[in-house]
Amino acid sequence: MPDTSAAPSGILLVDKPGGITSHDVVARARRALNTRKIGHAGTLDPMATGLLILGVGPATRLLTYIVGLDKTYEATIRLGVSTDSDDADGVETARADADALGAVTPERIAAGVANLTGAISQVPSTVSAIKVGGRRAYDLARAGEEVQLKARDVTVSRFEVLAVRPVDGAIDLDVVVDCSSGTYIRALARDLGAELGVGGHLTALRRTRIGAFDVADAVTEISPDAVGQLRSAADVAAAVLGALPVTADEARDLRHGKRLVGAAARLDGALTPTPAAIDPDGRLVGIVERRGGDLKSAMNMAEDAS
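Computed from a predicted model, the values in this text were never measured in an experiment.

**With respect to the overall build of the chain**
Helices and strands together make up the secondary structure of the chain, namely eight helices and 17 strands. Out of the 306 residues belonging to the chain, those deemed buried represent 49%. Long-range contacts, defined as pairs at least 24 residues apart, comprise 69% of the intrachain contacts of the chain with a sequence gap of at least 6. Summed over its atoms, the accessible surface of the chain is roughly 14,200 Å², and 49% of this surface lies on carbon and sulfur atoms.

Put into structure tokens, the structure is as follows:
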């Protein structure tokens, strides 16, 4: 665990409640931990709950290696009603008639889900946080400007329907989704509804996993005591990227920007091509990468914050 007598540094898993933004969570953490240097990996919409990973102090440098990890979501999709945001926070734009809804059979739902599983091309929702010309798409949409987002390639490795529940004038699907970073679950709801000819939107969303990190291990309240729940940069980097033990002399050389000459073969069989260099005291030296036959730091941590 990090040294809590010094300025806080580490990774904090938070179970975000609904009704607040990811930035609100960061603001609460800044007040509770009395530090400004806090960021997060992977925005959750205000409606969504679940796992939000915060980087505190120098450990914020690890967030770039966390944000791209695959994720798991639990969600409820409402078929038969479309909204302008593709979720329940938006304004209803269309509602399917009873005949169209009655034609939505379990077999058609299964086929639609199958078509949205695997490597797919997905157009993000217009109220997403993607920047268009330097401005967030949701800011443009709320200002009444036309937003046209390009399709992106994502991977949905699991899209499983757990329950089908008729509701008044609609059908609710409880689903679980494993997907690559950058996948929009709202867009899956929209596209499934479109494929079935009835429209659809998201009514509930909870992120339960990011990479190897699970919401079951997250804090639900951010207080000054949360500093005791910070995970060390070394532990997190090793979990995400794999660990490469280095000697004290090698740690010093890496921190000074020197290469470990002829050491590239030590990456053979490593978890990733950019493992975490860990010194004999268990501190994170930095993230290393292959440079020809040598190893060199791609990112260094300060010695007193690792």
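**Here we look at helix 4 (residues 106–115)**
Buried residues of helix 4: Ile109, Gly112 and Val113, and no others. For helix 4, the angular spread of buried residues about the axis comes to 100°, placing them on one side. Residues of helix 4 that are exposed and point over 90 degrees away from its buried face: Glu107 and Asn115. Tucked into the core, helix 4 has its buried residues touching strand 4 (71–79), strand 10 (152–167), strand 11 (170–179) and helix 6 (185–195).

**Regarding the pairing of strand 12 (residues 200–210)**
Summarising burial for strand 12: eight of the 11 residues are buried, a large majority. Relative to strand 12, strand 3 (residues 49–56) runs parallel, the two being bridged by two bridges. Opposite Thr49, over in strand 12, you have Arg206 as the bridge partner. Examined bridge by bridge, strand 4 and strand 12 share nine bridges and lie antiparallel to one another. Bridging from a neighbouring strand, Leu79 pairs with Gly200 of strand 12.

**Looking at the side chain of Lys71**
For Lys71, the position within the fold is in strand 4. Here Lys71 is buried and forms no salt bridge, its nearest opposite-charge partner Asp70 lying at an N-O distance of 7.3 Å. Each residue touching Lys71, except ones within four places of it in the same chain, is listed here: Val177, Asp178, Cys179, Ser181, Arg207, Arg209 and Ile210.

**So, the side chain of Asp294**
Structurally, the position occupied by Asp294 is in strand 17 (residues 294–300). Among the polar contacts listed, one links the side chain of Asp294 to the backbone nitrogen of Gly262, at a separation of 2.8 Å. Sequence-distant contacts of Asp294, defined by excluding residues within four places in its chain, comprise Arg259, Leu260, Val261, Gly262, Ala263, Ala264 and Glu289.

About the criteria used
- All residue numbers refer to positions counted from 1 along the written sequence of the respective chain.
- The predicted origin of the model limits local features to residues at a pLDDT of at least 70 and limits the giving and counting of side-chain atom pairs to 80 or more, whereas totals for whole chains, interfaces and linings rest on all residues.
- The basis for the side-chain values is all heavy atoms of the structure; hydrogens and waters are excluded.
- The secondary structure listing takes helices from DSSP runs of H or I that are at least 4 residues long and strands from runs of E that are at least 2 residues long, numbered from the N terminus.
- Here the term buried applies to any residue with accessible area under 20% of the maximum for its type, exposed to any over 50%, and partly exposed to those in between, with areas from a 1.4 Å probe on protein chains only.
- Here, two residues are considered to be in contact whenever any of their heavy atoms come within 4.5 Å of each other.
- The method behind every accessible area is Shrake-Rupley, applied with a 1.4 Å probe, and residues are considered shielded solely by the protein chains displayed.
- Each C-beta atom gives one direction from the helix axis, and the arc is the one those directions make.
- Any two strands with at least two DSSP bridges between them are considered paired.
- Counted as positive: Lys and Arg. Counted as negative: Asp and Glu. His and the chain ends are not counted at all.
- When a carboxyl oxygen of Asp or Glu is within 4 Å of a side-chain nitrogen of Lys or Arg, the pair counts as a salt bridge.
- Contacts described as polar in this section are N or O atom pairs within 3.5 Å, which, within protein, must combine one atom able to donate a hydrogen with one able to accept it, while residues neighboring in sequence count only if both atoms come from side chains.

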